[in-house]
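Survey of secondary and tertiary structure
If you want the building blocks of each chain, they are given just below.
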Amino acid sequence: MYVTRMCWCIMSLQVSIREGESQDSLSRRFQRVVQTSGILREVKAHRHFLSKGETARLKAQKSARRRRRYG
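Bear in mind the structure is a predicted one, so any value in this text is a computation, not a measurement.

**Focus on the overall build of the chain**
Looking only at helices and strands, one finds 3 helices and 0 strands in the chain. Written out in order from the N terminus, the α and β elements of the chain read α-α-α. In the chain, which comprises 71 residues, the share counted as buried stands at 10%. Put simply, the chain shows about 7200 Å² of open surface, and 55% of that area lies on carbon and sulfur atoms.

**Side note on the side chain of Arg-29**
You can see Arg-29 is positioned in helix H1 (residues 23-37). Look past the residues within four positions of Arg-29 in its chain and what remains in contact with it is Val-15, Ser-16, Ile-17, Arg-18 and Glu-21.

**Details of the pattern of salt bridges**
Here the idea is simple: oppositely charged side chains can pair when their charged atoms come close. Tallying each qualifying case throughout the model produces 1 salt bridge. Put simply, Arg-29 and Glu-21 hold a salt bridge, and the shortest N to O gap is 2.8 Å. By the burial criterion, Arg-29 is buried, and Glu-21 matches it.

**Describing H1**
Structurally, the α-helix is built with 3.6 residues per turn, so residues lying three or four positions apart point the same way. In this model, H1 (15 residues) spans 21 Å end to end at C-alpha, consistent with the 21 Å of a helix rising 1.5 Å per residue. For H1, the secondary structure elements touched by its buried residues are helix H2 (39-45). Just downstream of H1 lies Gly-38, where phi reads positive at about 85 degrees.

**Details of the side chain of Glu-21**
Mapped onto the fold, Glu-21 is located in the segment before H1. In this structure the side chain of Glu-21 is engaged in a polar contact, spanning 3.3 Å, whose partner is the side chain of Ser-25. A distance of 2.8 Å separates polar atoms of two side chains, one belonging to Glu-21 and the other to Arg-29. Excluding residues that lie within four positions of it along the chain, Glu-21 makes contacts with Ser-16, Leu-26 and Arg-29.

Quick notes on the rules
Residues numbered from 1 in each chain as written. Predicted model: local features only at pLDDT ≥ 70, side-chain atom pairs only at ≥ 80, totals over all residues. Heavy atoms only, no water. Helix = DSSP H or I, 4+ residues; strand = E, 2+ residues; numbered from the N terminus. Buried < 20%, exposed > 50% of the residue type's maximum accessible area, 1.4 Å probe, protein only. Areas by Shrake-Rupley, 256 points an atom, 1.4 Å probe, with all protein chains shown as cover. Contact = heavy atoms within 4.5 Å. Salt bridge = Lys/Arg side-chain N within 4 Å of Asp/Glu carboxyl O. Expected span 1.5 Å × (residues − 1). Polar contact = N/O pair within 3.5 Å; in protein donor to acceptor, adjacent residues only side chain to side chain.

Next up, the structure:
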């Protein structure tokens, strides 16, 4: 399997193990840090190439959906 392109950015997250902390709680803490940092959101957003027109169309659709939902 070949890598088609290099990663567009490098994000480094560090979670140090605390004294007496179990592996489960360390894993949960790491998952929480990943969620709050927004790395997964960025990866999903850059999974496929979107032209400027497609981006604007999706943004308008999202805005309309938000207006319908919240008034």
